Amino acid sequence: MLASAALLALATAVAARKCHDLTIPISISSRNAVFSLPAPVTEAQVTQFFIDFVRPGYNMTDNYLKGYNTISGHYTIAATYCQPDNGPGSTLQILTHGAAFDRSYWDYPFNNHEYSYVARAVDEHGYSTFSWDRLGIGRSTKGDPVNEIQQFLEVAALTELSALLRSGSVKGVDAKFDKFVHVGHSFGSAMTYNFINQNPDFSDAAVLTGYSQVPNYIVGFALGGNFKPIKEISSLARSYPAGYVGVDTTIGMNIQFFAPGDFDPKMLSYATAHGQPAAPGEILTIGAGSANTNAFSGKILVITGDRDLPFCGGNCTDTTAIQGAYPDLIAASKPFFPNATFNSVVVPNGGHGLNLGYSAKSAYDSIFEFLESSL
Ligand SMILES: *[C@@H]1O[C@H](CO)[C@@H](O)[C@H](O)[C@H]1NC(C)=O
Ligand SMILES: *[C@@H]1O[C@H](CO)[C@@H](O)[C@H](O)[C@H]1NC(C)=O
Ligand SMILES: *[C@@H]1O[C@H](CO)[C@@H](O)[C@H](O)[C@H]1NC(C)=O
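Described in the following lines is the structure provided in the data block. Predicted model, so just to flag it, every value in this text is computed and none were measured.

This model, assessed by the stated rule, comprises 12 salt bridges. In this structure, D133 engages R103 in a salt bridge whose closest nitrogen and oxygen atoms are separated by 2.9 Å. Note that D133 is positioned in the loop between β4 (128-132) and α6 (151-166) and R103 in the loop between β3 (91-96) and α4 (110-113), a separation of 30 residues in sequence. In terms of burial, D133 and R103 fall into one category: buried. Its salt-bridge partner being K228, residue D248 comes within 3.3 Å of it at the nearest N-O pair. Placement of D248 in the loop between β8 (245-246) and α9 (250-257) and of K228 in strand β7 (residues 228-229) is noted, with a sequence separation of 20 residues between them. Residue classification places D248 among the partly exposed residues on the basis of a relative accessible area of 28%. One continuous salt-bridge network, built from bridges that share partners, spans R17, D107 and D123.

This is the structure we're talking about:
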C-alpha cells in the first residue's frame with residue numbers, strides 16, 4: 001500500500017507540468033470591416049441579429065459592410081505558458097480557443113484537469129504550450145464589439161504573438177523553439193486557418209479542431225444557443241462592454257457543444273457557468289478567408305467530432321452537402337490545402353466542444369499520433 005502510494009506520488013511529481021500566466025503587451029494593426037450595425041443590446045436586437053445571420057438569400061455581413069478601415073492599437077494579451085518539469089520542449093504549440101471559452105479550454109479545470117489537452121501535450125509528449133485569451137475575450141483587452149473585435153484584428157494578434165515567441169521576445173518565456181505547431185478550436189481554427197495561409201512557412205504542423213469548410217450547418221448553432229445580451233448574464237455583465245452576446249443556459253451549451261451520450265452532466269454545468277461571450281464583430285467575420293485556398297506548406301490535420309453541430313450538422317459522414325465528393329465533411333477540406341500534407345479525422349461520437357466530451361481522449365490520441373509522425 002505504502003509503496004504504491006509513494007510510487008503514485010512520484011509519478012505525479014514527474015508529470016507535473018510547470019505553467020505560469022503571462023501578460024503580453026502588443027502593438028498591432030489590421031484592415032477591419034466597418035459595419036453600420038449598432039451593437040445589439042436588447043434581447044430583441046440580439047435575437048434579430050441571429051435570425052438575420054442565418055436567413056437564406058441574405059448576406060448580413062455584406063448588408064452592414066460600409067467599407068474597410070485600418071485599426072491600430074496597443075493591446076494586452078493574457079496567456080499561459082507551460083513546459084515539462086525538466087525544461088522547455090523543442091516544439092511549441094500555440095493554442096487558440098473558440099467562441100464560448102477562454103484559454104482555459106485547453107487545460108480545462110473540471111474534474112482536476114481530467115480532460116486537459118495541455119496535460120497530455122506537456123506531461124506525456126514533452127511539448128511546451130502557449131494558450132492565450134483571444135483579443136477581446138477573457139483577461140485580454142476588450143474592445144468595440146462590432147467594429148474592433150473582428151477576426152482580422154484577432155489574427156493580427158495571433159501573428160504578432162507567434163513572431164514574438166519565435167524570436168524569444170515574450171517576457172516570461174525563457175526558451176527558443178525549433179518547431180512550431182498551431183492548434184485551434186472552432187473560431188480559433190478559423191483564425192488558425194487564416195494565419196497559416198498568410199504565413200505558410202511559419203508552422204511545421206497545424207491542427208484545426210471542431211472545424212470544417214462546409215458552411216451549411218451554422219443555423220442550429222446560431223439559433224440553438226439562445227444568445228443573450230451580455231448585460232443579462234450575471235457572471236459576465238461586469239467584465240464586458242454592452243454589445244457582446246453570450247449563452248447562459250445548459251440547454252444552449254448542450255445544443256452547441258455536447259454530443260448525445262458523450263458528456264458528463266456536471267461538465268455541461270461547469271462549461272455553462274464558466275462560459276465566455278462572443279462579439280458580433282467576430283460573428284460577422286467568422287467566415288472571412290475560409291473559402292480561400294490555403295498556401296500552408298506544412299502538415300495539416302483537421303479533426304472534428306462526428307456529432308459536431310455547427311460544422312457537420314450533427315453527422316460528419318452524411319455527405320449530402322458535398323454531393324458525396326469526399327467520404328465525409330472533414331475530408332472535404334483536402335482541396336483547400338494543395339501545398340500541405342493533408343490529414344483528416346472524424347472522431348466517433350464527438351461533439352463540437354471536442355476537448356470536453358468523453359471522446360476527448362480518442363481525439364487527443366489522433367492528434368498526438370499525427371504530430372508524432374509529422375514533426
Ligand atoms: C458575404 O459578404 C461578405 C462581405 O462582402 C463577403 O466577404 C462574403 O464572401 C459573402 N459571403 C457569401 C457566402 O457570399
Ligand atoms: C503552392 O506552391 C506553389 C509553388 O511554390 C505556388 O506557386 C502556389 O501559389 C501555392 N499555392 C497556394 C494555394 O498558395
Ligand atoms: C449519418 O449519415 C449517414 C449517411 O447518410 C447515415 O448512414 C448515418 O446513419 C447517419 N448517422 C447518424 C448518427 O444519424
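Before going further, it helps to examine the pairing of strand β2 (residues 65-83). Of the pairings in the sheet, the one linking strand β1 (residues 18-35) to β2 comprises 18 bridges and is antiparallel in character. Paired with T23 across the bridge in β2 is A78. In terms of strand pairing, β2 meets β4 through four bridges, oriented antiparallel. Note on β4: the bridge partner recorded for Y81 is F130.

Looking now at the site of ligand 1. In the vicinity of ligand 1, the contacting residues are N59, D62 and L65. N59 places a polar side-chain atom, nitrogen or oxygen, 2.5 Å from an oxygen atom of ligand 1. D62 is positioned with one of its side-chain polar atoms (N or O) 2.6 Å from an oxygen atom of ligand 1. For ligand 1, the accessible surface in isolation is 360 Å², of which the surrounding protein chains cover 34%.

Rules and cut-offs
Residues numbered from 1 in each chain as written. Chains lettered and ligands numbered in written order. Predicted model: local features only at pLDDT ≥ 70, side-chain atom pairs only at ≥ 80, totals over all residues. Heavy atoms only, no water. Salt bridge = Lys/Arg side-chain N within 4 Å of Asp/Glu carboxyl O. Helix = DSSP H or I, 4+ residues; strand = E, 2+ residues; numbered from the N terminus. Buried < 20%, exposed > 50% of the residue type's maximum accessible area, 1.4 Å probe, protein only. Pairing = 2+ DSSP bridges. Near = heavy atom within 4 Å. Polar contact = N/O pair within 3.5 Å; in protein donor to acceptor, adjacent residues only side chain to side chain. Areas by Shrake-Rupley, 256 points an atom, 1.4 Å probe, with all protein chains shown as cover.

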